[in-house]
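The chain contents come next:
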Amino acid sequence: FSGGEVVFRGTRFVDSNPQQMPERPVDFARMNEGDGVLHLGGQFHSALRIKSGERVNLVLWMFGEHGVVRIAPYEERERLTMMDRWNQFAADTSKSRVTGISTQND
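Residues numbered from 1 in each chain as written. Predicted model: local features only at pLDDT ≥ 70, side-chain atom pairs only at ≥ 80, totals over all residues. Heavy atoms only, no water.

Counting secondary structure elements, the protein chain contains one helix and five strands. Secondary structure elements in the protein chain, listed N-terminal to C-terminal, are β-β-β-β-β-α. Considering only contacts within the protein chain whose residues lie at least 6 apart along the sequence, 59% involve residues at least 24 apart. (Helix = DSSP H or I, 4+ residues; strand = E, 2+ residues; numbered from the N terminus. Contact = heavy atoms within 4.5 Å.)

In structure tokens, the structure reads:
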């Protein structure tokens, strides 16, 4: 495909005037098949028109505690290992299926 660049600007709560910062496009022509782009959800971004061809996107939303993405790192005592995190997810999912009660914080 050609065109369809993703353009980034500043980040909420980090930059003083994020929407007014200069655009920084991602040049897909310089990427290899299977490469990806990862960014903070608070980073202003948009996609430009695709000029030709077809592009497929896989979009994943990742959240931290209380459904937010933190900019600051968690304190050491609050961090989970990958195994602890997935074990907790499995336990919460299993519990909600058995009881019908959501374990999500609203």
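Okay, back to it.
Residue F13 is not a glycine yet carries a positive backbone phi of 70°. Counting through the fold element by element, F13 comes out in the loop between strand 2 (6–11) and strand 3 (24–26). With relative accessibility at 81%, the residue F13 sits in the exposed group. (Buried < 20%, exposed > 50% of the residue type's maximum accessible area, 1.4 Å probe, protein only.)

Scanning all chains against the criterion turns up one aromatic pair. Directly above the ring of F44 sits R12, whose terminal nitrogen or CZ lies 4.2 Å from the centroid. (Phe/Tyr/Trp six-rings, centres within 6.5 Å; stacked < 30°, edge-to-face > 60°. Lys NZ or Arg CZ within 6 Å of the ring centre and 35° of its normal.)

Taken together, the side chains of L38, L58, L60 and M62 present a nonpolar region at the surface, about 530 Å² in accessible area. Within the secondary structure, L60 sits in the loop between strand 5 (50–52) and helix 1 (82–99). (Patch = residues over 30% accessible without salt bridge, like charges linked within 9 Å, V, L, I, M, F, W, Y side chains within 5 Å. Areas by Shrake-Rupley, 256 points an atom, 1.4 Å probe, with all protein chains shown as cover. Salt bridge = Lys/Arg side-chain N within 4 Å of Asp/Glu carboxyl O.)

Take the layout of surface pockets next. In this structure, the largest pocket occupies an estimated 1300 Å³ of space. If you trace the largest pocket, you find 36 residues lining it, with V37, L38, H39, L58 and L60 closest to the centre. Counting residues per element, the ones that place at least two in the lining of the largest pocket are strand 2 and strand 4 (43–47). Tallying contributions element by element places strand 4 first for the lining of the largest pocket, with three residues. Taken together, the residues of the lining of the largest pocket sort by class into 21 nonpolar, ten polar and five charged. (1 Å grid on protein atoms, 1.4 Å probe; cavity = no way out; pocket = protein on both sides within 12 Å on 5 of 7 lines; lining within 4 Å. Points joined across faces, edges and corners; volume = space filled by probe spheres on them. Nonpolar A, V, L, I, M, F, W, Y, C, P; charged D, E, K, R; others polar.)

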